[in-house]
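Observations on the three-dimensional arrangement
Each chain, letter by letter, is given below.
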Amino acid sequence: MPFVPTLQSLIADRWVGTTAASPLASAIDGKTVFHTHSEAVDFAEALAFARRTGGPALVAMDFQQRAARLKALGSYLIEHKEQLYAISRHSGATRADGWVDIEGGAGTLFAYASVGAAELPSGNIVHEGPAVSLGKKGGFSGTHILVPRGGVAVHINAFNFPVWGLLEKFAPTFLAGMPCIAKPATATSYLTETAVRLMHESCLLPPGSLQLIIGGTGDLLDRLDGQDIVTFTGSADTAAKLRSNKNLIGRSVPFNAEADSLNCAILGADVTPDDEEFDLFVKEVAREMSTKAGQKCTAIRRAIVPRQHLDAVAERLAARLSKIVVGDPAVDGVRMGALASKAQQSDVAVRVAQLSRGNEVVVGSTQGFAPVGEGVSNGAFFAPTLLLCRDGFTNDSVHDVEAFGPVSTLMPYGDIDEAMALAARGKGSLVSTLVTRDARVAARVVPALAAWHGRVHILDRDSAVESTGHGSPLPLLKHGGPGRAGGGEELGGVRAVKHYLQRAAVQGSPTMLAAVTREYVRGAKVQEEALHPFRKWFDELAIGDSLRTHRRTVSEADIVNFGGISGDYFYMHFDEIAAKETAFGKRIAHGYFVLSAAAGLFVSPAPGPVLANYGLDTLRFIKPVGIGDTIQARLTCKRKTEKPARKDQPAQGVVAWDVQVTNQDGELVASYDILTLVLKRPA
Ligand code: NDP
């Protein structure tokens, strides 16, 4: 008998489990490849460890440090990826499927590392400004902050992406500073266990920041409280059951669900069988059916096509599907592997039988299905199956029954309103694709699709060159959909990090708000010193360090010269008669002149620690500046963000400066932030 390893849970920094419990079979040949463990997990201990050890260790770092850690973790997983690929095959995945799961997972860590570095501050407080003045005298303001929730995130995952599923939930949670307990679907938990083992071995994870459960969740959900959060991916039935847990409801524990969904692709009526877009549509549907053997929450389950092209689409799809070689991914030429388990195979068969009632089978197992490879007769293979529903308005099953395998249903529409109505019958989905060449069709259809879908993908010959495809959730774009799709939101760049932070409104004087947010708030006290702020090293600068400049009176020569240098002879600056007829009643200076003149007022020109000005944020020209007006600027250190040290660069950080330009009456004429790189004092 070959040795069959027993999987282990990672609880309180210990690997738990030595006694074999349930066998887990390879999807390829049915042989037992792992066992779950029989030892009960102590969930009270897991939660206590996350709260007392994991959480504090995470917030001992800040957003920037955790972002750097995510990057290092991603690199570590990539270095060791072959260990994951070696067992990925047991889940039925081809190398290409494994790439999405394994390298897609590591890619998500890299993406969140970049999100953290670029969009989150130093420290552990996100200021969602700007602060708003709540009184007439400027002494009372309000703003919003986001802080780590302080609890534990429980991530319950589906079987189809054992690595990506773990990492796409872990990355934003970790970045937010929240420890998590991951519970993968048991059927493919061996792959998740290997990924967690690698992450644990890397020594990059603070103890308690990630724990792993192999098997059931026992009384875990009953032990959660209001600072915790649950995220779930899987079936709508389980989502409904778990989200109605009495304790979760009683304690208002947020529950984010991403459940099964009847995603669709619509072929626009403007596309003819001779157009490139026609083949793009066919290719996309076939690819979504075969990638991961169709076990993707985002796969196209409903292909909605103009009635006049129904036969042509069916023919071309059938031809494409017939070329897909199914079998053991280790065999050369195999393009589609197996379903994850025999249980899934039976489940998909039952659902195909339901879908077949009242619909035609265009392609399916009856046309002879023989997966290639040794021992595959005991595997969990399923034939690519294309159904045809001639009337999507009278047949409900095509909009209700999700066969989680290489299965899709074609259905015709008359006019575009019908296509949109059919799409909406999915009752909320993760994603839809619209294939059209006509921008007017896209402008009409996409808003209607957006009301029912978490993501809308518009495909034509231009976007196809670089399209990441219908079925790929991307780290920077929202993943999740309304209604049947669970109503949740995952990913979406910094939005996802905010799901794991708690938002609070804060009211007080601007000085207090600046101290809390670690960001200068207009109206707060400032420090003015003889030393120009541009002469201070990053480490020496304090929030609120400020400079009030000398003044400058704007002359007609300034306007004429600026027009000459920039080539901007807009009538408002050069045509006395036309300018008189405008709301300002006179010629005014270019806004960009005001900006440039303000820079001239506040810069300290000699070389110093300020390395570069790399942009402006929130620029507004508030009042016009006319000939004879006198402007003055105030420059205040607003926000400092540490940058991780790089070998090829001297140590530095990002400083955002608040700039206010005023006129002779003290009125604000321009307002913006400038972003600079500032050197740290050399060691
Ligand atoms: P399930 O909903 O049964 O399981 C999803 C996750 O929930 C698994 O980790 C499972 O663990 C866990 N779970 C199940 N019951 C409980 C419970 N009472 N308490 C705590 N955790 C629980 O989905 P499956 O993975 O079995 O897939 C079934 C169907 O779901 C598919 O056929 C497909 O239709 C849909 N699906 C949708 C996905 C999507 O992303 N939208 C992804 C995968 C599936 P365990 O494995 O240990 O039971």
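Above this text sits the structure in question.
Computed from a predicted structure; not experimentally measured.

**Concerning the overall build of the protein chain**
Within the protein chain, the regular secondary structure consists of 21 helices and 27 strands. Counting all 683 residues of the protein chain, 55% fall into the buried class. Taking all contacts inside the protein chain whose residues are at least 6 apart in sequence as the whole, residues at least 24 apart take part in 74%. Surface accessibility of the protein chain: about 28,600 Å² in total, with carbon and sulfur atoms responsible for 54%.

**Topic: the site of the ligand**
Lining the immediate environment of the ligand, one finds 25 residues, of which Asn-157, Thr-186, Thr-238, Cys-297 and Glu-402 sit closest. Within the backbone of Asn-157, a nitrogen or oxygen atom sits 2.6 Å from an oxygen atom of the ligand. Within the side chain of Glu-402, one N or O atom sits 2.6 Å away from an oxygen atom of the ligand. Contact with the protein chains removes 80% of the 860 Å² of surface that the ligand exposes when unbound.

**Quick notes on the layout of surface pockets**
Of the volumes computed, that of the largest pocket is approximately 1,400 Å³. Looking at the largest pocket, it is lined by 49 residues, and the ones nearest its centre are Glu-119, Glu-519, Asp-617, Arg-639 and Thr-641. Within the residue set of the lining of the largest pocket, elements represented by two or more residues are helix H2 (63-79), helix H4 (95-119), strand S5 (126-133), helix H16 (494-499), strand S24 (610-621), strand S25 (630-642), strand S26 (652-662) and strand S27 (668-679). A total of eight residues in the lining of the largest pocket trace back to one element, the largest contributor, which is S5. Considered class by class, the residues forming the lining of the largest pocket number 23 nonpolar, eleven polar and 15 charged. Each pocket or cavity is described by its volume, and for the second largest pocket that value is around 760 Å³.

**What to know about the sheet that holds strand S14 (residues 360-363)**
Strand order in the open sheet made by the seven strands is S14-S15-S16-S13-S12-S17-S18, with mixed pairing throughout. The open sheet has two edge strands, S14 and strand S18 (453-459), and neither has a second partner. Direction aside, the axes of adjacent strands within the sheet are offset by 25 degrees on average. Along the sheet, helix H13 (residues 416-424) contacts strand S12 (264-267), strand S13 (302-306), strand S16 (407-413) and S18; its crossing angle with S16, the most-contacted strand, is approximately 150 degrees. Contacting S12, strand S17 (429-435) and S18, helix H14 (residues 439-450) runs over the sheet at an angle of about 160 degrees to S18.

**Some remarks on a nonpolar patch on the surface**
Among the surface-exposed residues, Val-132, Leu-134 and Phe-140 lie close enough to one another that they form a single nonpolar patch of about 260 Å² accessible area. Structurally, the position occupied by Leu-134 is in the loop between S5 and strand S6 (141-148).

**So, the sheet that holds strand S22 (residues 527-528)**
Judged by pairing direction, the sheet is mixed, and its six strands sit side by side in the order S22-S23-S25-S26-S27-S24 without closing on themselves. Since the sheet does not close on itself, it has two edges, and those belong to S22 and S24, each with one partner. Pairing geometry for S24 and S27, over eight bridges, is antiparallel. Across the sheet, the residue bridging to Asn-613 is Thr-676, located in S27.

**Observations regarding empty space enclosed by the protein**
Taken as a whole and judged by the stated rule, the model has four cavities of 30 Å³ or more. Looking at the largest cavity, its volume works out to about 70 Å³. As for the largest cavity, its lining consists of Asn-157, Ala-158, Asn-160, Phe-161, Trp-164, Gly-165, Glu-168, Lys-169, Thr-233, Glu-258 and Cys-297. Each residue belonging to the lining of the largest cavity can be placed in one class, and the counts come to four nonpolar, four polar and three charged. The volume enclosed by the second largest cavity comes to roughly 60 Å³. Taken together, Glu-168, Lys-169, Pro-172, Thr-231, Asn-256, Glu-489, Glu-490, Leu-491, Ala-496, His-499 and Tyr-500 make up the lining of the second largest cavity. Residue assignment for the lining of the second largest cavity shows that the elements contributing at least two residues are helix H5 (164-176), strand S20 (490-491) and H16. For the lining of the second largest cavity, the element with the highest residue contribution is H5, accounting for three residues.

Rules behind the numbers
- Residues numbered from 1 in each chain as written.
- Predicted model: local features only at pLDDT ≥ 70, side-chain atom pairs only at ≥ 80, totals over all residues.
- Heavy atoms only, no water.
- Helix = DSSP H or I, 4+ residues; strand = E, 2+ residues; numbered from the N terminus.
- Buried < 20%, exposed > 50% of the residue type's maximum accessible area, 1.4 Å probe, protein only.
- Contact = heavy atoms within 4.5 Å.
- Areas by Shrake-Rupley, 256 points an atom, 1.4 Å probe, with all protein chains shown as cover.
- Near = heavy atom within 4 Å.
- Polar contact = N/O pair within 3.5 Å; in protein donor to acceptor, adjacent residues only side chain to side chain.
- 1 Å grid on protein atoms, 1.4 Å probe; cavity = no way out; pocket = protein on both sides within 12 Å on 5 of 7 lines; lining within 4 Å.
- Points joined across faces, edges and corners; volume = space filled by probe spheres on them.
- Nonpolar A, V, L, I, M, F, W, Y, C, P; charged D, E, K, R; others polar.
- Pairing = 2+ DSSP bridges.
- Axes fitted to C-alpha atoms, helices over the stretch in contact; angles between N-to-C directions.
- Patch = residues over 30% accessible without salt bridge, like charges linked within 9 Å, V, L, I, M, F, W, Y side chains within 5 Å.
- Salt bridge = Lys/Arg side-chain N within 4 Å of Asp/Glu carboxyl O.

The quantities given are spatial measurements derived from coordinates; they are silent on function.
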